[in-house]
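Examining the three-dimensional arrangement
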Amino acid sequence: MKKEEIKELSIPELRAQIEASEKAYRELKVAHAISPIDNPSKITKDRKDIARLKTVLRQKELEAQKAEAAAENK
C-alpha cells in the first residue's frame, strides 16, 4: 500500500487495515517457520507497511486532538 493511499484512509479504516495486516503478518511468519516461503522479503515489506499504517494513524489522532483542543478553547 502506497503512502498516498494510506493518508486517504480515515481513522477507523486505518485501525481495521492495521488489524488485518498484523493478522496476515503473523500467519506469514508461522508459515515461514514451518516451511520457507517463496519470497521471504515479503515479511520485511509487511512489517514496514504496518509501521507506516501506525505512523499515519498516530498523526491523524494527534491532529484530531489538536482540533478538539482548539474547539474547546474558543
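Residues numbered from 1 in each chain as written. Predicted model: local features only at pLDDT ≥ 70, side-chain atom pairs only at ≥ 80, totals over all residues. Heavy atoms only, no water.

Moving on, we get to the environment of Ser10. Along the chain, Ser10 turns up in the loop between helix H1 (3–8) and helix H2 (11–34). Here Ser10 falls in the partly exposed class, since its relative accessible area comes to 31%. C-alpha of Ser10 to C-alpha of Glu63: the two residues are 53 residues apart in sequence and 12 Å apart in space. (Helix = DSSP H or I, 4+ residues; strand = E, 2+ residues; numbered from the N terminus. Buried < 20%, exposed > 50% of the residue type's maximum accessible area, 1.4 Å probe, protein only.)

Moving on, we come to the side chain of Asp46. Considering the arrangement of structural elements, one finds Asp46 in helix H3 (residues 41–73). In this view, Asp46 contacts Tyr25 and Leu28; residues no more than four positions away in its chain are not counted. (Contact = heavy atoms within 4.5 Å.)

In this section: the side chain of Ser21. Looking at the element boundaries, Ser21 is found in helix H2. When residues no more than four places from it in sequence are discounted, the contact partners of Ser21 are Ile50 and Leu53.

Time to look at the nonpolar core. One finds Ile6, Leu9, Leu14, Ile18, Leu53, Val56 and Leu57 forming the largest nonpolar core, which totals seven residues. Broken down by secondary-structure element, the contributors of at least two residues to this core are H2 and H3. Sort the elements by how many residues they give to this core and H3 lands first, with three residues. Among all residues touching Leu53, those that are not within four sequence positions of it are Met1, Ile6, Leu14, Gln17, Ile18 and Ser21. Tyr25, Leu28, Ile37 and Ile43 belong to the second largest nonpolar core, which has five residues in total. (Core = buried A, V, L, I, M, F, W, Y, C linked by side-chain atoms within 4.5 Å.)

Bringing the pattern of salt bridges into the picture now. Summed over all chains, the structure comprises seven salt bridges. Residues participating in the shared-partner salt-bridge network are Arg15, Arg58 and Glu61. (Salt bridge = Lys/Arg side-chain N within 4 Å of Asp/Glu carboxyl O.)

Spanning 24 residues, H2 covers 35 Å between terminal C-alpha atoms, matching the ideal 34 Å at 1.5 Å per step. For H2, every residue scored as buried is listed here: Leu14, Ile18, Ser21, Tyr25 and Leu28. Residues of H2 that are buried in the fold lie against H1 and H3. (Expected span 1.5 Å × (residues − 1).)

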